[in-house]
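One letter stands for each residue in the lines below.
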Amino acid sequence: KENFSATKAYCLAKLGDDYSVGLCNYFMQAFGEENCVYETFPEGTSDYSAYVTNAKNNGCDVFFAPVSTEAAALIIDQAVAQDLGMPILAGDTWDSNVITAAAQGKSNVQIYVTTFYQEGGNAEFDEGFKAYLNSDSTAMANNGGNDMIAATSAMGYDAYFVALEALKAAGSTDPAAVMAALPSVTYEGVSGAIAFDDVNGDAIRDAAYVKVCNTE
């Protein structure tokens with residue numbers, strides 16, 4: 001609402017997918033459900049043209065789609081083909097080399113992604129991870145063919161060390177003991193401070209980023 005002067009939002013989720021449906025619900029609560037157009041698509045969808053058309057026909061100002069990377073690339077293709085004319089907003093599933101490749105050189109689409117790590121957040125990690133990628137052709141290929149660091153890589157790195165701390169706290173490799181110890185673990189990772197809440201065991205994070213995908 002503030003950055004894009006948006007008064008109407010289009011929200012797209014995958015039917016039955018707790019992640020994208022949940023994020024759309026939270027988004028609509030914050031934005032105002034009466035000012036949102038909400039749709040879902042079924043498993044196996046490969047054509048998103050109708051959803052892009054609906055967003056345009058309903059006069060929406062932003063297009064929120066916190067869906068999978070595979071769906072994201074296809075949505076971007078349709079947004080470009082139909083000249084969507086509004087910013088696309090998404091969650092951390094869009095923080096991927098696949099999205100960067102899909103958006104590359106397509107100046108008529110703007111993509112903003114909320115995520116938990118940005119290159120430059122930890123210089124030592126960035127240097128080491130890029131060195132690893134550039135020394136291993138398989139790792140480079142698995143990273144999309146370049147050494148861009150997505151948040152999932154940094155968070156996967158942190159998750160390994162959080163698990164290690166849980167093993168230390170448990171004093172055992174027994175899965176039940178490690179699981180019992182995990183909620184008490186705190187860790188200062190490359191993506192920020194990590195702890196777990198007392199209600200659901202959800203991660204408590206102290207940092208987040210909004211990435212702008214450069215389409216030039």
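Up top you'll find the structure we're talking about.
Residues numbered from 1 in each chain as written. Predicted model: local features only at pLDDT ≥ 70, side-chain atom pairs only at ≥ 80, totals over all residues. Heavy atoms only, no water.

**Side note on the side chain of D126**
Relative to the helices and strands, D126 resides in helix 5 (residues 123–135). Notably, D126 is buried but unbridged: the nearest opposite-charge side chain belongs to K130, and the N-O separation is 6.8 Å. (Helix = DSSP H or I, 4+ residues; strand = E, 2+ residues; numbered from the N terminus. Buried < 20%, exposed > 50% of the residue type's maximum accessible area, 1.4 Å probe, protein only. Lys, Arg positive; Asp, Glu negative; His and termini not counted. Salt bridge = Lys/Arg side-chain N within 4 Å of Asp/Glu carboxyl O.)

**Let's talk about the pattern of salt bridges**
Per the counting criterion, the structure on display carries five salt bridges. E119 is paired through a salt bridge with K130; the nearest N and O atoms lie 3.2 Å apart. A residue pair is termed long-range when its members are at least 10 positions apart, and E119 in the loop between strand 5 (111–115) and helix 5 and K130 in helix 5 qualify at eleven residues. Ionic contacts of the salt-bridge type, sharing partners, join the residues E119, K130 and D147 into one network.

**Focus: the sheet that holds strand 9 (residues 209–213)**
Reading across from one edge, 2-1-3-4-5-9 is the order of the six strands in this open sheet, with mixed pairing throughout. For this open sheet the edge positions go to strand 2 (36–41) and strand 9, each flanked by a neighbour on one side alone. Sheet twist, expressed as the average angle between the axes of neighbouring strands with direction ignored, equals 20°. As defined by bridge partners, strand 1 (residues 9–14) adjoins strand 2 across six bridges and the pair is classed as parallel. The partner of Y10 across the bridge, within strand 2, is V37. On top of the sheet, helix 1 (residues 18–31) reaches strand 1, strand 2, strand 3 (62–64) and strand 4 (88–90); it is set at about 160° to strand 1, its chief contact. (Pairing = 2+ DSSP bridges. Axes fitted to C-alpha atoms, helices over the stretch in contact; angles between N-to-C directions. Contact = heavy atoms within 4.5 Å.)

**Here we look at the sheet that holds strand 7 (residues 192–196)**
Spatial strand order, 6-7-8: three strands in an open sheet with antiparallel pairing. The two strands at the open ends of the sheet, each matched to only one other strand, are strand 6 (187–189) and strand 8 (203–205). Across the sheet, the mean angle from the axis of one strand to that of its neighbour is 35°, orientation sign disregarded. Direction of pairing for strand 6 relative to strand 7: antiparallel, over a ladder of three bridges. Following the sheet pairing, G189 is matched in strand 7 by G192. Its contacts with the sheet put helix 7 (residues 151–170) on strand 6, strand 7 and strand 8, and the angle it makes with strand 6 is roughly 160°.

**Things to note about the side chain of S20**
Within the element layout of this structure, S20 appears in helix 1. Exposure remark for S20: the relative accessible area of 0% places this residue in the buried category. Among the polar contacts made by the side chain of S20, one reaches the main-chain amide nitrogen of K14 at a distance of 3.0 Å. Setting aside its immediate chain neighbours within four residues, S20 contacts A13, K14, P66 and V67. (Polar contact = N/O pair within 3.5 Å; in protein donor to acceptor, adjacent residues only side chain to side chain.)

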